[in-house]
Amino acid sequence: VDVLSVKVHAKTTMLALLPETCDILCTHPMFGPESGKHGWNGLPFVFDRVRLKDARRCEDFVKWWSSQGCRMVDMTCELHDEVAASSQFVTHFTGRVLQRLNLRTTPINTKGFESLLT
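Residues numbered from 1 in each chain as written. Predicted model: local features only at pLDDT ≥ 70, side-chain atom pairs only at ≥ 80, totals over all residues. Heavy atoms only, no water.

Colleague: So what's going on with the overall build of the protein? Which residues, and what values?
Modeller: Broken down by element type, the protein carries four helices and three strands. For the protein, whose C-alpha radius of gyration is 18 Å, the value lies well above the compact-globule estimate of 13 Å for 118 residues. With the C-alpha coordinates aligned to their principal axes, the bounding extent of the protein is approximately 60 × 30 × 20 Å. Counting every atom, the protein has about 8,200 Å² of accessible surface; 61% of that belongs to carbon and sulfur. Side-chain charges in the protein split into 14 positive and 13 negative, and the spacing between the mean points of these groups amounts to 6 Å. (Helix = DSSP H or I, 4+ residues; strand = E, 2+ residues; numbered from the N terminus. Rg over C-alpha atoms; globule rule 2.2 N^0.38 Å. Areas by Shrake-Rupley, 256 points an atom, 1.4 Å probe, with all protein chains shown as cover. Lys, Arg positive; Asp, Glu negative; His and termini not counted. Charge placed at Lys NZ, Arg CZ, Asp CG, Glu CD.)

Put into structure tokens, the structure is as follows:
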């Protein structure tokens, strides 16, 4: 099982290096400590069953995350990387820019500005 943000590289590396007897399940919990600090209910957890020798073990793993409230998303590594590239970039880039701006509340905040502060 891998949990890296970029899936295709992990998939191709594991396929090349791990013996045929190894299961390969690529995963990406689409949340981190901040977004998941109040629980994982409804947060997306992407997974791709790349190679399964023990399907039950894989399904038990997936079911455990589902039972914790994650919204399980069965998606190929290729599609994950394609759609995550833009959303992850915008999210992380914007967050870092806002952090460096060191924004502070004002007496005349708009709702839009307040959303940037949270």
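Colleague: Describe the sheet that holds strand β1 (residues 24–29), listing the residues and the values that go with them.
Modeller: In space, the three strands of this open sheet follow the order β1-β2-β3, with mixed pairing throughout. The open sheet is flanked by β1 and β3 (71–74), the only strands paired with a single partner. Strand after strand, the sheet turns through a mean of 25° between neighbouring axes, direction not considered. Two elements, strand β2 (residues 44–51) and β3, share four bridges in a ladder whose sense is parallel. (Pairing = 2+ DSSP bridges. Axes fitted to C-alpha atoms, helices over the stretch in contact; angles between N-to-C directions.)

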